[in-house]
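# Understanding the architecture of this molecule
Okay, here's what each chain looks like letter by letter:
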Amino acid sequence: MSQTDTAETTANRTDGEGVSTTAGETVEETRPEWTCHETDGETKLAVGDLDVHYGDDHALKGVSMDIPEESVTALIGPSGCGKSTFLRCLNRMNDRIRAASVDGTVEFDGENIYQDGVDLVELRKRVGMVFQSPNPFPKSIRENVSYGPRKHGDIETGLLARLTGRAEPDREEDLVKRSLERAALWEEVRDRLDDNALGLSGGQQQRLCIARCLAVDPEVILMDEPASALDPIATAKIEDLIEDLAEDYTVVVVTHSMQQAARVSDQTAVFLTGGELVEYDDTQKIFEDPESQRVEDYISGKFG
Amino acid sequence: MSRATRTALVRDDRTAYEAAAGAAVGISGIVFVVGLATLLGVVGIDDPVAGLELSVLFGVVLLALGVTVVGFGMASRLGYVDAAPQPSAGIVAAAAFTGIWFAVGAAVSGAAGIGTAGRLAVGAVLGGSAFAVTAFPREDVGSTVPVGAVAGLCGLSLVVGVIGPGWEQALVGYNATLFGDTVVPVVVLFTSLVTGWSAAKAYGGFGARGRNVGAYVLIYLVVGSILTVLVGLVAFVTVRGLPGLFGGFSVGGASLVSWPFLTNGAGLTADVAGVFPALLGTVWLVIGAVLFAVPTGVGAAVFLSEYAEQGRFTGAVEVATNGLWSTPSIVFGLFGAAFLIPRFGNQKSLIAGMLTLGFMLLPLVLITSREAILAVPDEYRDASAALGVSKWKTIRSVVLPAAIPGIATGVILGVGRIAGETAPILLTMGGGVLPGKSAAPDVLGGFQLSGSPPFVSNPALLEATSALPYQLYALITAGLSGNIENPQEFAWGLALTLLLVVLVFYAVGIATRYYFRRKLHQ
């Protein structure tokens, strides 16, 4: 599909679907072709008709979008529009919320992650996540980074491993170094790897969380407003890092800041109140010439 | 806008008024401390100080304080000093002084031989006037005059000797007598507390600042007295227990340190009777109870907070555990006697005691562990889950380490309680009153292997064993007799040993908590 579909046909649809009225005022209809964005890259994640309910609350309504690999996809929209919910569907973190029910498909490299028999451990190893507020474990910097591989048994460090000669301290060292370097934190912490991670500044903690995520060697990195709790300088570092990571990883980032979306992302999806995806396109197109009036209003600050 | 009261933003140098009020607060504090010392019996109320009996001196000082406090109020009321009193001293102060003056009126009229109705009437009149004097005039009068009057009356009766060292009063209807050396300190403590409060208010210039300073003085004096009582309690046991504990103690010689009270039994052959069997019994008892209760309690807490759905079931379990923790220990003892003893050789045994105390410890470990686990931020669990780490591994390597300080706190509190428990031991494991050294439980050396089930046995666990609180109780009820040279000294030494054992367990627990807290945050 392409966006050059005629607008008139859908605008004149009379079945009422997608049209809601508030206090007698007709709200602009969401058109499917606004969200059908084609890219050059291979599709990493294909989301099809995704619905999320929290109890009676319909948080996400029939969202479909293709996320291309090795690029940055930004999700923007006002508070409560479902963008974080959407993000948490991509590695099934919503499973952890009892009241949440998810319908639809999310295909990761062509395989639906919502079918039976999906190994959540394997899924989350491939689809990593960085949270809004930095949440390092109350352990040393080194232990934070090597936590994932250790728990997955990729690196053996325990007493038993040492006794049987299977411990690989060099490999662990190497992994910690590589991950921290990739997260642009190595130079700042190389001399204090055994210090508690809670002693780092907020920006350093967030980069440590990114390093921790990179250490399990993911293919996709989901970021939920990764810089919203940070000062401008730390934010700039995180943004540089995101752009840098897109060379090797597929990055999906939720953000409140439209400037941030414009700076770092290749394509942008706009969610608006009610849990619907209104428009999804190249970032430049979204910010310069959006199809939807509501998106234009939101971006120019008239709405949301 | 102009109705708000204003005082100087920058206060001048200390005025003579403030200095005097500060001195009055200080003197009240000193009187309070000395009063506490007399109450605890450190000094007698008839000891001569500066040529006067202490109680008379108290009277003089309190009288002077009362007059001074009224003087502060008047100086402020007549505008000689820069103060910011509020329109009234407030309903709380008024209610307090009503109660105080009602009691004074009833007591004084009773001493004068007036009947019950008359006493109530006098009390009501005085209480009512105190209410009026406190509530209706401006704060500087309301919070000084009733105080001054109380202090004056009490001081005067001490000076004149209406109550004093020789005073005693039989309480009609009770089989008891009040003596001067209890009543005088109580009166002194109370009076110095109110004069200290009032003088502190004057020091702060009344108003919000004055009330603040007054509250400070009240709180510090009350906290100080509580700490004094606690320290006094420990000091009392320590002073009485030291001779027994260190009887025959010597450093040097063949065994470097010789501490017969802790290493001997109480048998006929021992030259210095000791508490070794009971001491070892208590130590093993606590270790056994902790080994039983901590894994089960923490395991149950993990299930309840991480796996079970929060709802009616977990709520019911919570109520039940809280109830279990407040269950009287004799009930646990009875359970142990009726249920455990028939299953462990039909006699009182160390293991029955361990398990009974373990059951007692279990609820507290469960409650505190659950709180500690619930207090671990969900972000850690989310972060771990997002890395693809399974739930159990997350609990083991993130949740439990973060919860250890809280769990340790629960175990510390619980050990303090069970180490001193007497009733369950009495029913489930109590051995001899004065066991000889051979009666000490040899748990580590007692394990035996055998060819038939259960393959491992330990007779030490199945024998009746003494423990410190039980031995103390048995000594007291047995009349402190027997083959001990100085039973009083022995019993106090035993009490001090028990105190020290509990403190040592506390120290271990606190060190554990400190170690893990440091590890988490540094």
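Predicted model only: the values in this text are computed from it and were never measured.

The subject of this paragraph is the overall build of chain A. Within chain A, the regular secondary structure consists of 12 helices and 12 strands. In chain A, which comprises 304 residues, the proportion classed as buried is 50%. For chain A, the proportion of contacts with a sequence separation of at least 24, taken over those separated by at least 6, is 67%. Carbon and sulfur atoms form 44% of the exposed surface of chain A, whose accessible area is close to 13900 Å².

Where charged atoms of side chains with opposite charge meet at close range, the side chains can pair. One pass over the structure, following the stated rule, counts 26 salt bridges over all chains. Across the pair E122(A) and R126(A) runs a salt bridge whose closest N-O atoms are separated by 3.5 Å. Residue E122(A) and its partner R126(A) are both found in helix α3 (residues 120-126); the two are separated by 4 residues, about one turn of the helix. On the basis of relative accessible area, E122(A) is assigned to the partly exposed category, the value being 30%. Look at R126(A) and you get partly exposed, because its relative accessible area is 34%. Here R417(B) ties to E421(B) by a salt bridge, and the two come within 3.5 Å at their closest N and O atoms. Residue E421(B) is classed as buried on the basis of its relative accessible area of 11%.

Now for the sheet that holds strand β4 (residues 57-68) of chain A. Residue and element names in this part refer to chain A. If you walk across this open sheet you meet the 4 strands as β4-β3-β6-β7, and the pairing is antiparallel. The outermost strands of the open sheet, each flanked by one partner alone, are β4 and β7 (111-112). Inspection of the sheet shows strand β3 (residues 43-54) paired to strand β6 (residues 100-108) by 8 bridges, in the antiparallel sense. Within β6, the residue paired with V47 across the bridge is V106.

Along the chain, L78(B) falls in the loop between α2 (54-77) and α3 (91-111). Each C-alpha atom of the pair L78(B) and D140(B) lies 10.0 Å from the other, and the pair is 62 residues apart in sequence.

For the rest of this paragraph, the subject is the nonpolar core. Most often, soluble globular proteins keep nonpolar side chains buried together rather than apart. Among the nonpolar cores identified, the biggest contains 103 residues, and M65(A), L75(A), F86(A), L90(A) and F271(A) are the most heavily contacted of them. Here this core takes 12 residues from helix α13 (residues 350-374) of chain B, the largest share from any one element. Aside from chain neighbours lying at most four places away, what touches L75(A) is M65(A), K83(A), F86(A), L87(A), V252(A), V253(A), V254(A), T255(A), A269(A) and F271(A). The next biggest cluster of nonpolar side chains, apart from the first, holds 46 residues, and it includes A197(A), A211(A), L214(A) and Y298(A).

Contacts between chain B and chain A engage 21 residues on the former and 25 residues on the latter. Together chain B and chain A conceal approximately 2000 Å² of surface at their shared face, both sides included; 57% is due to carbon and sulfur atoms. Together, Y380(B), A386(B) and L387(B) form the three largest contributors to the area buried by chain B at its contact with chain A, with a combined 29%. Across the contact surface, chain B and chain A share 1 salt bridge. Put simply, R96(A) and D382(B) hold a salt bridge, and the shortest N to O gap is 3.0 Å. In terms of residue count, the dominant contributor to the side of chain B that touches chain A is helix α14 (residues 378-386) of chain B (8 residues). Considered class by class, the residues forming the side of chain B that touches chain A number 8 nonpolar, 6 polar and 7 charged.

Another point: the sheet that holds strand β11 (residues 267-272) of chain A. Residues and elements named next belong to chain A. Spatially, 6 strands are ordered β8-β9-β10-β5-β11-β12 in an open sheet, and the strand pairing comes out mixed. At either margin of the open sheet sits one strand with a lone partner, and together these are β8 (127-130) and β12 (276-282). The average angle at which neighbouring strand axes cross in this sheet is 15°, direction not considered. Relative to strand β10 (residues 250-254), strand β9 (residues 220-224) is paired through 5 bridges, and the arrangement is parallel. Bridge pairing links I221 to V251 in β10. In the packing of helix α8 (residues 202-215) onto the sheet, contacts are made with β8 and β9, and the angle to β8 comes to roughly 170°.

Glancing now at the domain arrangement of chain B. Domains assigned within chain B are domain 1 (16-89 + 137-234) and domain 2 (260-444 + 461-520). A separation of 45 Å is found between the C-alpha centroids of domain 1 of chain B and domain 2 of chain B.

Now for the packing of aromatic side chains. This model, assessed by the stated rule, comprises 13 aromatic pairs over all chains. Ring geometry for F335(B) and F359(B): centres 5.6 Å apart, planes at 70°, overall edge-to-face. Within this pair, whereas F335(B) is found in helix α12 (residues 329-340), its partner F359(B) is found in helix α13, the two being separated by 24 residues in sequence. A relative accessible area of 23% means that F359(B) is categorised as partly exposed. By way of ring pairs, the aromatic residues F292(B), F335(B), F339(B) and F359(B) are connected into one cluster. Between the NZ or CZ atom of R212(A) and the centre of the ring of F137(A), over which it lies, the distance is 4.5 Å.

About the cut-offs
- Residues numbered from 1 in each chain as written.
- Chains lettered and ligands numbered in written order.
- Predicted model: local features only at pLDDT ≥ 70, side-chain atom pairs only at ≥ 80, totals over all residues.
- Heavy atoms only, no water.
- Helix = DSSP H or I, 4+ residues; strand = E, 2+ residues; numbered from the N terminus.
- Buried < 20%, exposed > 50% of the residue type's maximum accessible area, 1.4 Å probe, protein only.
- Contact = heavy atoms within 4.5 Å.
- Areas by Shrake-Rupley, 256 points an atom, 1.4 Å probe, with all protein chains shown as cover.
- Salt bridge = Lys/Arg side-chain N within 4 Å of Asp/Glu carboxyl O.
- Pairing = 2+ DSSP bridges.
- Core = buried A, V, L, I, M, F, W, Y, C linked by side-chain atoms within 4.5 Å.
- Buried area = accessible area lost by both parts, 1.4 Å probe.
- Nonpolar A, V, L, I, M, F, W, Y, C, P; charged D, E, K, R; others polar.
- Axes fitted to C-alpha atoms, helices over the stretch in contact; angles between N-to-C directions.
- Domains from an automatic or database assignment.
- Phe/Tyr/Trp six-rings, centres within 6.5 Å; stacked < 30°, edge-to-face > 60°.
- Lys NZ or Arg CZ within 6 Å of the ring centre and 35° of its normal.

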